Amino acid sequence: MLRVLAVDDEKPLLEELLYLLRSDPRVRSAEGASDATEALRRVTRALESGPDGADGIDVVFLDIHMAGLTGLDIARLLAGFARPPLIVFVTAHEGFAVQAFDLKAVDYVLKPVRPERLAEAVRRSCEQLGRSEEGPPAAVAAADAPVAGVPAVPAPRRLVAEVTVADRAPDQIAVELGGVTRFVAIADISYVEAQGDYARLHTDEGSHLVRIPVSTLEERWAARGFVRIHRRHLVALARIDELRLEAGTTSVRVGAAELQVSRRHARELRDLLMRHATG
């Protein structure tokens, strides 16, 4: 079972987070800290007491925007310890996901926090620590319980940042930010960029971060004309404006973006573009 420290400088949000964490049977204890100084003091005490000490902390659920040191600053400081606790970022802002995963965060949960989303972060933490799980949180279990006279229907598993490819229609992908779900037409996506466990979908209007591997999108969207050009990029073939060969390197222009093509994908891409142009 997990020993958790939650850090947020907004008291109502901290209390809500602690309530949800304490409702999860996989969490042995959940304590709160309202600023960076208190958080660092508690973590330092935990590290001094050792992994099996009374003050031990396994996971820190950490807000990013706080007065003084930010959550990212705290994570960088904790990374300097020999055996730091795991980090789960809990924030209303999607724009720090890449930095968060560079800091080896276990998960990146967007506010407002949903019980099932927090349960997934707890599951990931248990998995990384090799702890056994004792079942889903009570709130999630209750939601899944059958109702008399009503056929049981399995609830879909949400992968939040959040994304489900077929939530609404096969021609759209659902993305969620701050509790608001938007539906992005796959035809509007120019290219996809891998960012750790996430993928950033680029359109003419902007970009959207979703928690789904690029390799999964490559498989699902191959029939829609998306091709892998690099381990970091998946591109809509019809959106490629130029193919450039310079000094032994290959790149493509997609709108205003210039993307490198890896050697292993260069020949296949050229063949596909030729067939597309003549077809």
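Above this text you will find the structure in question.
Residues numbered from 1 in each chain as written. Predicted model: local features only at pLDDT ≥ 70, side-chain atom pairs only at ≥ 80, totals over all residues. Heavy atoms only, no water.

A closer look at unusual backbone geometry
Basically, it comes down to this: A run of DSSP states H or I qualifies as a helix once it reaches four residues; a run of E qualifies as a strand once it reaches two. Both are numbered from the N-terminal end. Only protein chains enter the calculation, and the probe is 1.4 Å; a residue is then buried if its accessible area is under 20% of its type maximum, exposed if over 50%, and partly exposed in between.
Here the residue pair Lys111 and Pro112 is connected by a cis peptide bond, since its omega of -5° sits within 30 degrees of zero. On the secondary structure map, Pro112 appears in the loop between strand E5 (107-110) and helix H5 (115-129). In this model, Lys104 sits at a positive phi of 65°, which is unusual for a non-glycine residue. Among the secondary structure elements, Lys104 is positioned in the loop between helix H4 (97-102) and E5. Under the relative-accessibility criterion, Lys104 is labelled exposed at 67%. In this model, Ala247 sits at a positive phi of 50°, which is unusual for a non-glycine residue. Within the secondary structure layout, Ala247 lies in the loop between strand E14 (242-246) and strand E15 (249-254).

Some details on the packing of aromatic side chains
Spelled out, the test is: The criterion for an aromatic pair is that two Phe, Tyr or Trp rings (for Trp, the six-membered ring) have centres within 6.5 Å, with stacked assigned to planes under 30 degrees apart, edge-to-face to planes over 60 apart and tilted to the rest.
If you walk through the whole model with that rule in mind, you get 1 aromatic pair. Taken together, a centroid distance of 5.1 Å and an interplanar angle of 50° make the contact between Trp221 and Phe226 tilted. Accessibility expressed as a relative area gives 1% for Trp221, which makes it buried.

What about helix H2 (residues 36-49)?
Short version of the rule: An expected span of 1.5 Å times one less than the residue number is assigned to each helix. Throughout, a contact is declared for two residues whenever any of their heavy atoms are within 4.5 Å. Throughout this description, a polar contact denotes any pair of N or O atoms lying within 3.5 Å of each other; where both atoms belong to protein, one of them has to be capable of donating a hydrogen while the other can accept it, and for residues adjacent in sequence the pair is counted only when both atoms sit in side chains.
Helix length check: H2, at 14 residues, gives a terminal C-alpha distance of 20 Å against a target of 20 Å (1.5 Å per residue), a fit within 8%. Within the sequence span of H2, burial applies to Ala36, Glu38, Ala39, Leu40, Val43 and Ala46. Check the buried side of H2 and you find it contacts strand E1 (2-7), strand E2 (27-33), strand E3 (59-62) and helix H3 (71-79). The backbone nitrogen of Thr37 has a side-chain oxygen 3.2 Å away, supplied by the residue at the start of H2, namely Asp35. Following H2 by one or two positions, Gly50 adopts a phi angle in the positive range, close to 90°.

Examining the pairing of E5
Defined as follows: Handedness is read with the strands pointing away from the viewer; a crossover is right-handed when the path from the first strand over the helix to the second is clockwise.
Side chains Asp107 and Val109 of E5 all project onto a buried face; the interleaved residues Tyr108 and Leu110 project onto the opposite face, where all are buried too. As for the winding sense of the linkage, the β-α-β connection from strand E4 (residues 86-91) through H4 to E5 is right-handed.

Describing helix H1 (residues 11-22)
What counts, and what does not: The directions from the helix axis to the C-beta atoms form the arc being described.
Between its first and last C-alpha, H1 extends 16 Å over 12 residues, near the 16 Å set by a 1.5 Å rise per residue. By the burial criterion, the buried members of H1 are Leu14, Leu17, Leu18, Leu20 and Leu21. Looking straight down H1, one finds its buried side chains confined to an arc of 160°; they lie on one side. What points out from H1, more than 90 degrees from its buried face, is the exposed set Lys11, Pro12, Tyr19 and Arg22. Looking at the packing, one finds that the buried side of H1 touches E1, E2, E3, E4 and H5.

Points about the nonpolar core
In globular proteins that are soluble, nonpolar side chains generally tend to be buried together. The following threshold applies: Residues grouped as a nonpolar core are buried Ala, Val, Leu, Ile, Met, Phe, Trp, Tyr and Cys residues, joined through side-chain atoms within 4.5 Å.
The biggest cluster of nonpolar side chains holds 27 residues, and the ones touching the most others in it are Leu5, Val7, Val60, Leu62, Phe89 and Tyr108. Elements supplying a minimum of two residues to this core: E1, H2, E3, H3, E4, H4 and E5. Per-element accounting of this core gives the leading share, 5 residues, to H2. Every residue in contact with Phe89, bar those within four places of it in the chain, is listed here: Leu62, Ile64, Gly71, Leu72, Ala75, Ala100, Leu103, Ala105, Asp107, Tyr108 and Val109. Core analysis: the second largest hydrophobic core is formed by 21 residues, Ala6, Leu14, Leu18 and Val109 among them.

Some words on the environment of Leu78
When you line up the elements, Leu78 lands in helix H3. Separated by 34 residues in sequence, Leu78 and Thr44 have C-alpha atoms that sit 9.0 Å apart.

Details of the packing of H1 against H5
Counted only if it meets this: Convention adopted: a line fitted to C-alpha atoms gives each axis, helices being fitted over their contacting stretch, and angles between N-to-C directions are expressed from 0 to 180 degrees. Put simply, a crossing is left-handed when the front helix is turned counterclockwise from the back one by less than a right angle, and right-handed when it is turned clockwise. Here the term charged refers only to Asp, Glu, Lys and Arg, the term nonpolar to Ala, Val, Leu, Ile, Met, Phe, Trp, Tyr, Cys and Pro, and the term polar to all other amino acids, Gly among them.
Where H1 meets H5, the closest approach of the two axes is 10 Å, and the angle between their N-to-C directions is 65°. Here H1 and H5 pass one another in a crossing that is right-handed. Residue-level inspection shows Leu17, Leu20 and Leu21 of H1 in contact with H5, the latter providing Pro115, Leu118 and Val122. Broken down by class, the residue content of the contact of H1 with H5 amounts to 6 nonpolar, no polar and no charged.

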